[in-house]
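A closer look at the structure
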Amino acid sequence: MIDLLYFAWVRESIGLGQERVAPPDDVADVAGLIDWLAMRGGGYAEALGDKARLRAAVDQLFVPLDTSIAGAREIALFPPVTGG
Amino acid sequence: MIDLLYFAWVRESIGLGQERVAPPDDVADVAGLIDWLAMRGGGYAEALGDKARLRAAVDQLFVPLDTSIAGAREIALFPPVTGG
Amino acid sequence: MIRVLVTEVAIDVAAELDVLERAGGGAVATFTGLVRDDDGVEELFLEHYPVATEKALGDLAVEAAQRWSLAAATVIHRVGAMKPGERIVLVGAAAAHRAAALEACAFLIDRLKTDAPFWKRETRGQDARWVGERESDRDAADRWKRS
Amino acid sequence: MIRVLVTEVAIDVAAELDVLERAGGGAVATFTGLVRDDDGVEELFLEHYPVATEKALGDLAVEAAQRWSLAAATVIHRVGAMKPGERIVLVGAAAAHRAAALEACAFLIDRLKTDAPFWKRETRGQDARWVGERESDRDAADRWKRS
């Protein structure tokens, strides 16, 4: 089981900020996880359809989307950050 | 007549901060004025004997020591500035 | 002295400056970012990724403190809803020399823009819009990479 | 908005920050220089050349405001006797973008060190000594010359 967190318009499109999922074994990296979630359609497809617009953190560390999710406990998906 | 102003250790060595002088006609530039004043000896010689340690302003504008004093109303002599 | 804070209440600049000044560095530089009202924004909402935010800001402050031998580094970021004129962010550095304090301050705000998980949403009338990434922010952050 | 002040009383940083923040720039950078106590200094005395000082600081603030399109520039310098921990100088800049505010702030303090007629005298016990010129200050000021 992995805790997923969504922020900003990703959160708004999906309609929730947090959920717990158990992706199938063939979902190996963050990009695969995004594709698997987008297949749910609706707000998921809208939020996660274009990976160029997305950034991710695995266990609170910013990572590229080809990062493995093996052993991950918490994965966050969000747009590029705009603080400061 | 020219108003002279002295600051920092120049002022302390000479023992006054301000005086009015009428240098002879052959005193043409700031360096000449410094030499003329240093000839007074005592605190003047002490303060003004080494021109490398001195800076000057003519009518409140920082200038090199070879600047003419023709027409000057106020000349200030002081060490390099150390504010901020 | 490292001070990092993510806060839902107004940033008290005077109190933060006091902390920096008491660190004994002699040179204190600060940068404050404010909500601008010149493009019709009525409200700015700052969302963040709790815990990850504090970690990112703490890492930045520690990196700056080591790189510039700072006496103190402060990074405060506001979250939640703000009005124009309110402070979004304050970064500050105290050092023995002015160049170190000023450079560390620039480093902190440049890198905060790209490395900390905050997201801005601007509201103008009925229109709420998430702010997009700025290319220039990535360039500004990149200049601090060591070769 | 240009604000220049040579003052014998303590610099009120919070009030000065308020002026900069209200200028509407969105990005505010400040630099504060304090009397350091780490080398046994008990008193710092700042002498200046009245009128010429204000003119020098005003020229600097105007140059910075034009060069970086500032919404506000502030230069405040304390004169007279000060104790360790007290503020000697505060410079600040407000701009639309952070790089402009931070650069203008560095410009103001670097150039103030070489261009404004102030002199520091440090007192340690019975020993009062005028502070000498620093080569590094001339180099720091020179980097702002335009080629």
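The structure this text deals with has already been given above.
Residues numbered from 1 in each chain as written. Chains lettered and ligands numbered in written order. Predicted model: local features only at pLDDT ≥ 70, side-chain atom pairs only at ≥ 80, totals over all residues. Heavy atoms only, no water.

A few words on helix α1 (residues 13-22) of chain C. It helps to recall that an α-helix has 3.6 residues per turn; residues three or four apart then point in one direction. All names here are of chain C. Of all the residues in α1, the buried ones are Val-13, Glu-16, Leu-17, Leu-20 and Glu-21. Projection of α1 onto a plane perpendicular to its axis shows the buried side chains occupying an angular sector of 135°, all on one side. The N-capping residue of α1, defined by a side-chain oxygen 3.3 Å from the backbone nitrogen of Ala-14, is Asp-12. In the stretch just after α1, Gly-24 is the one whose phi turns positive, near 85°. (Buried < 20%, exposed > 50% of the residue type's maximum accessible area, 1.4 Å probe, protein only. Helix = DSSP H or I, 4+ residues; strand = E, 2+ residues; numbered from the N terminus. Arc of directions from axis to C-beta. Polar contact = N/O pair within 3.5 Å; in protein donor to acceptor, adjacent residues only side chain to side chain.)

Let us look at the interface of chain C and chain A. Many authors give the size of an interface as the accessible area that is lost as the parts come together. Residue-level contacts link 24 residues of chain C with 20 residues of chain A. Between chain C and chain A, the buried area comes to about 1800 Å², and carbon and sulfur atoms account for 57% of it. On the chain C side of the contact with chain A, Tyr49(C), Trp119(C) and Trp130(C) bury the most area, a combined 38% of that side's loss. Inspection of the region where chain C meets chain A yields three salt bridges. Residue Glu133(C) pairs with Arg55(A) through a salt bridge whose shortest N-O separation is 3.5 Å. Run the count over chain C and chain A and you get 13 residue pairs in polar contact (both at pLDDT 80 or more). Of all the secondary-structure elements, those providing two or more residues to the side of chain C that touches chain A are β3 (43-48), β6 (87-95), α3 (98-115) and β7 (118-124) of chain C. A total of five residues in the side of chain C that touches chain A trace back to one element, the largest contributor, which is α3(C). (Contact = heavy atoms within 4.5 Å. Buried area = accessible area lost by both parts, 1.4 Å probe. Salt bridge = Lys/Arg side-chain N within 4 Å of Asp/Glu carboxyl O.)

The next thing to look at is the pairing of strand β5 (residues 74-78) of chain A. Residue and element names in this part refer to chain A. Buried residues dominate β5, accounting for five of its five residues. Here β5 shows two buried faces, one formed by Glu-74, Ala-76 and Phe-78 and the other by Ile-75 and Leu-77. Two strands pair when backbone bridges link them, and strand β1 (residues 2-6) and β5 are joined in this way by four bridges, in the parallel orientation. Along β5, the bridge assignment pairs Leu-4 with Ile-75. With four bridges joining them, strand β3 (residues 55-58) and β5 adopt antiparallel strand pairing. Looking across to β5, one finds that Ala-57 is bridged to Ala-76. (Pairing = 2+ DSSP bridges.)

By volume, the second largest pocket is sized at about 420 Å³. What lines the second largest pocket is a set of 24 residues, and nearest its centre among them are Arg55(B), Phe62(B), Thr114(D), Glu133(D) and Arg138(D). At the level of secondary structure, the elements contributing two or more residues to the lining of the second largest pocket comprise β3 (55-58) and β4 (61-63) of chain B together with α3 (98-115) and α4 (135-142) of chain D. Taken together, the residues of the lining of the second largest pocket sort by class into eleven nonpolar, three polar and ten charged. (1 Å grid on protein atoms, 1.4 Å probe; cavity = no way out; pocket = protein on both sides within 12 Å on 5 of 7 lines; lining within 4 Å. Points joined across faces, edges and corners; volume = space filled by probe spheres on them. Nonpolar A, V, L, I, M, F, W, Y, C, P; charged D, E, K, R; others polar.)

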